[in-house]
Amino acid sequence: MSPTYSRQHAAALAELLRLIRPSWDALATINALHDVADRPLADVARAAILTAQDHDARTPRAITFTDSDHWRSLTADARPQPVRRTEQCPRHEGGTAGRCPMCRSEQIAHTTTEETP
Ligand SMILES: [Zn+2]
């Protein structure tokens, strides 16, 4: 597959990673990032940062171990989902999930009931 980012971008990311892991060799870090350049840059950046934070990963070569937990944690379910503001309350028609006034009044009513002996 063709690379999704250039070697120059890999160098920029390597610079950031070496702030997290100063012991990592600059060239080795760039080479490791270059080796996984067929993957989306955002995934590489996140996996690489997780790898840099993992002290069991002794060298930047560990970035290329795409079957590691760091890469596995990037599965669709683990990705942060953008907040959908238009999502409906699952229980009340016309309510917005998370900010539903009907849910809120139910909560208040429930709390009041609990407080009453
Ligand atoms: Zn509701």
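What this report covers is the structure whose coordinates are included nearby. Predicted model, so just to flag it, every value in this text is computed and none were measured. (Residues numbered from 1 in each chain as written. Predicted model: local features only at pLDDT ≥ 70, side-chain atom pairs only at ≥ 80, totals over all residues.)

**Points about the nonpolar core**
The cut-off we apply is this: For our purposes the nonpolar core covers buried Ala, Val, Leu, Ile, Met, Phe, Trp, Tyr and Cys residues that link as a set through C-beta atoms within 7 Å. Each residue is classified by how many other C-beta atoms fall within 10 Å of its C-beta atom, where C-beta atoms are placed from the backbone; a count of 20 or more means buried, 12 or fewer means exposed, and values in between mean partly exposed. Numbering of helices and strands runs from the N terminus; a helix is a DSSP stretch of H or I covering at least four residues, while a strand is a stretch of E covering at least two. By definition, residue pairs are in contact when their C-beta atoms, positioned from the backbone, come within 7 Å.
Ala 10, Leu 13, Ala 14, Leu 17, Leu 33, Ala 48 and Ile 63 are the most contacted members of the largest nonpolar core, which has 16 residues in total. If you list the elements that add at least two residues to this core, you get helix H1 (7–20), helix H2 (26–35) and helix H3 (41–53). Not counting residues within four places of it along the chain, the set of residues in contact with Leu 17 comprises Trp 24, Thr 29, Ala 48, Ile 49 and Ala 52.

**Points about H3**
Going by this rule: Every helix has an expected span of 1.5 Å times one less than the residues it contains. Here the arc refers to the directions that run from the helix axis out to each C-beta atom.
With 13 residues, H3 ought to run about 18 Å at 1.5 Å a step, and its terminal C-alpha atoms sit 18 Å apart, in line with that. Three or more residues of H3 are buried, namely Val 44, Ala 47, Ala 48, Thr 51 and Ala 52. Along H3, the residues classed as buried sweep out an arc of 140 degrees about the axis, all on the same side. Opposite its buried face, H3 presents the exposed residues Ala 42 and Gln 53, each directed more than 90 degrees away.

**Quick look at the packing of H1 against H3**
To describe two helices that pack against each other, one gives the angle between their axes and the distance between the axes. Going by this rule: Note on definitions: angles span 0 to 180 degrees between N-to-C directions of axes, and those axes are lines fitted to C-alpha atoms, for helices only across the stretch in contact. Roughly parallel refers to an angle under 35 degrees, roughly antiparallel to one over 145, roughly perpendicular to one between 65 and 115, and oblique to any angle outside these ranges. Handedness of a crossing follows from how the near helix is turned relative to the far one, being left-handed for an anticlockwise turn of less than a right angle and right-handed for a clockwise one.
One can describe the packing of H1 onto H3 by two numbers: an axis separation of 9 Å at closest approach and a directional angle of 25 degrees. Considering their axes alone, H1 and H3 lie roughly parallel with respect to each other. Taken as a pair, H1 and H3 cross one another with a handedness that is right-handed. Where H1 approaches H3, its residues His 9, Leu 13, Leu 17 and Ile 20 are matched on the opposing element by Leu 41, Ala 45, Ala 48, Ile 49, Ala 52 and Gln 53.

As far as function goes, none of this settles anything; it's purely spatial.
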